[in-house]
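Okay, here's what each chain looks like letter by letter:
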Amino acid sequence: MSLHDDAVLVLKGYEDQDELRQTYLDHLAAHPDGMWKACHAGHVTASALVVDPEHGRVLLTLHRKLRMWLQMGGHCEPGDATLAAAALREATEESGIPGLTLLPGGPVRLDRHPIPAPCHWHFDVQYAALAPRGAAHVISDESLDLRWFTYDEVPEVADDSVVRLLEGTRARL
């Protein structure tokens, strides 16, 4: 099964945000290359909010290009077998934490946002990843900083999409 096919199945099984979910499905139906950065009409991305529920905190990255506190995530790569695998790979690479596991139940949220030309949209499929006990993070080249924030601190530093992702994650925990 291709990554495109997996994304369609994941989105068909996602039972929230009906209108936005349909927008994602319509995009993939119209763009066989819609999983890849080269698709200038927009492309699907995969991200994961790294959570430490034992301590009531999340790990956010200060994104090097955007200079915003965000969850880990990014572009799908040819070696990604599934959207979930892409989200877990991105979270592991950007956090430096081995042993992350995705929160069961598939994506937590969808977030479509505009990006600069030549592409126009990121169709982000957002997961949550559980940090193992004693997890130590390592800053990657894509980050200016990595920092743990308590659940209550997130609205003070992050945008609404991260806040909604945290809310959805906490509802699943």
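The residue numbering used here restarts from 1 in each chain and proceeds along that chain's sequence as written. Selection of residues for local features in this predicted model requires a pLDDT of at least 70, selection of side-chain atom pairs for listing and counting requires 80 or more, and totals for whole chains, interfaces and linings are taken over all residues. To get the side-chain values, all heavy atoms of the structure are used, and hydrogens and water are removed first.

**Some thoughts on the overall build of the chain**
Looking only at helices and strands, one finds 5 helices and 8 strands in the chain. In the chain, the succession of α and β elements from N to C terminus is α-α-β-β-β-β-α-β-β-β-β-α-α. Computed over its C-alpha atoms, the radius of gyration of the chain comes to 15 Å, within 12% of the 16 Å expected for a compact globule of 173 residues. Dimensions of the chain, computed from C-alpha atoms along their principal axes, come out at roughly 45 × 30 × 30 Å. Here the chain holds 173 residues, and the buried ones make up 49% of them. Contacts are assigned to residue pairs that have any heavy atoms within 4.5 Å of one another. Pairs at least 24 residues apart make up 67% of the contacts formed inside the chain by residues separated by at least 6 positions. To measure how exposed things are, a 1.4 Å probe is used in the Shrake-Rupley method; for residues, cover is taken only from the protein chains shown. With the model as given, the accessible surface of the chain reaches about 8,500 Å², and the carbon-plus-sulfur share is 54%. Two residue types count as positive, namely Lys and Arg, and two as negative, namely Asp and Glu; His and chain ends fall outside the count. By convention, the point assigned to a charge is CZ for Arg, NZ for Lys, CD for Glu and CG for Asp. Charge-centre separation for the chain: the mean point of 15 positive side chains lies 2 Å from the mean point of 26 negative side chains. Secondary structure is summarised from DSSP: a helix means a run of H or I of at least four residues, a strand means a run of E of at least two, and numbering begins at the N terminus for each. Only the C-alpha atoms count toward the radius of gyration. The rule for a globule is 2.2 Å times the residue count to the power 0.38. Summary of the burial criterion: residues with accessible area below 20% of their type's maximum are buried, those above 50% are exposed, and those between are partly exposed, where the area comes from a 1.4 Å probe applied to protein chains only.

**Section: the pattern of salt bridges**
Here, a salt bridge means any side-chain nitrogen of Lys or Arg that lies within 4 Å of a carboxyl oxygen of Asp or Glu. If you walk through the whole model with that rule in mind, you get 9 salt bridges. For the salt bridge of glutamate 54 with arginine 133, the shortest nitrogen-to-oxygen distance reads 2.9 Å. Of this pair, glutamate 54 sits in the loop between strand S1 (43-52) and strand S2 (57-63) while arginine 133 sits in the loop between strand S7 (121-130) and strand S8 (143-150), and the two are 79 residues apart along the sequence. With relative accessibility at 49%, the residue glutamate 54 sits in the partly exposed group. Of the residues examined, arginine 133 reaches a relative accessible area of 71% and is grouped as exposed. Close ionic contact of arginine 164 with aspartate 111 constitutes a salt bridge, the shortest N to O distance being 3.7 Å. Taken together, the positions of arginine 164 in helix H5 (residues 160-172) and aspartate 111 in strand S6 (residues 109-114) put the pair 53 residues apart, joining distant regions of the chain. Accessibility expressed as a relative area gives 12% for aspartate 111, which makes it buried. By sharing partners, the salt bridges in this structure join Glu77, Asp80, Arg89, Glu90 and Glu93 into a single network.

**Digging into the pairing of S2**
When a strand is regular, its side chains alternate between the sheet's two faces. Of all 7 residues in S2, 5 are buried, a share of seventy percent or more. Where S1 lies against S2, 3 bridges are found, and the strand directions are antiparallel. Within S2, the residue paired with valine 50 across the bridge is leucine 59. The hairpin formed by S1 and S2 contains 4 residues between the paired strands, and glycine 56 there has a positive phi angle of roughly 60°. Should DSSP find at least two bridges between two strands, the strands are regarded as paired. Of the pairings in the sheet, the one linking S2 to S8 comprises 7 bridges and is antiparallel in character.

**Let's talk about unusual backbone geometry**
A positive phi angle is found at glutamine 17, which is not glycine, with a value near 50°. Of note, glutamine 17 is situated in the loop between helix H1 (3-13) and helix H2 (18-30). The backbone of arginine 67 shows a phi angle near 55°, a positive value even though the residue is not glycine.

**What to know about H1**
Spacing of three or four residues puts side chains on the same side of an α-helix, whose turn is 3.6 residues. Here H1 has its buried residues at Leu3, His4, Asp6, Ala7, Val8, Val10 and Leu11. Lining the buried residues of H1 we find H2, helix H3 (83-95), S6 and S7.

**Quick word on the nonpolar core**
By convention a nonpolar core is built from buried Ala, Val, Leu, Ile, Met, Phe, Trp, Tyr and Cys residues, the set being connected through side-chain atoms within 4.5 Å. The biggest cluster of nonpolar side chains holds 32 residues, and the ones touching the most others in it are Met35, Val50, Leu83 and Val125. For this core, the elements supplying multiple residues, two or more each, are H1, H2, S1, H3, S7 and S8. Top element by residues in this core is H1. It accounts for 5 residues. Those residues within four positions of methionine 35 in sequence are excluded, and the remaining contacts are Leu3, His4, Ala7, Leu28, His43, Val44, Cys76 and Leu83.

**Side note on the side chain of aspartate 6**
Position of aspartate 6 relative to the elements: it lies in helix H1. The side chain of aspartate 6 sits in the buried core without any salt bridge; arginine 89 is the nearest counter-charge, 12 Å away. Two N or O atoms form a polar contact when they lie within 3.5 Å of each other; inside protein one atom must be a possible hydrogen donor and the other a possible acceptor, and for residues adjacent in sequence the pair counts only when both atoms belong to side chains. One polar contact links the side chain of aspartate 6 to the main-chain amide nitrogen of leucine 83, over a distance of 2.8 Å. For aspartate 6, the residues in contact, after removing those within four places along its chain, are Met1, Ala81, Thr82 and Leu83.

Just distances and angles here, no functional claims.
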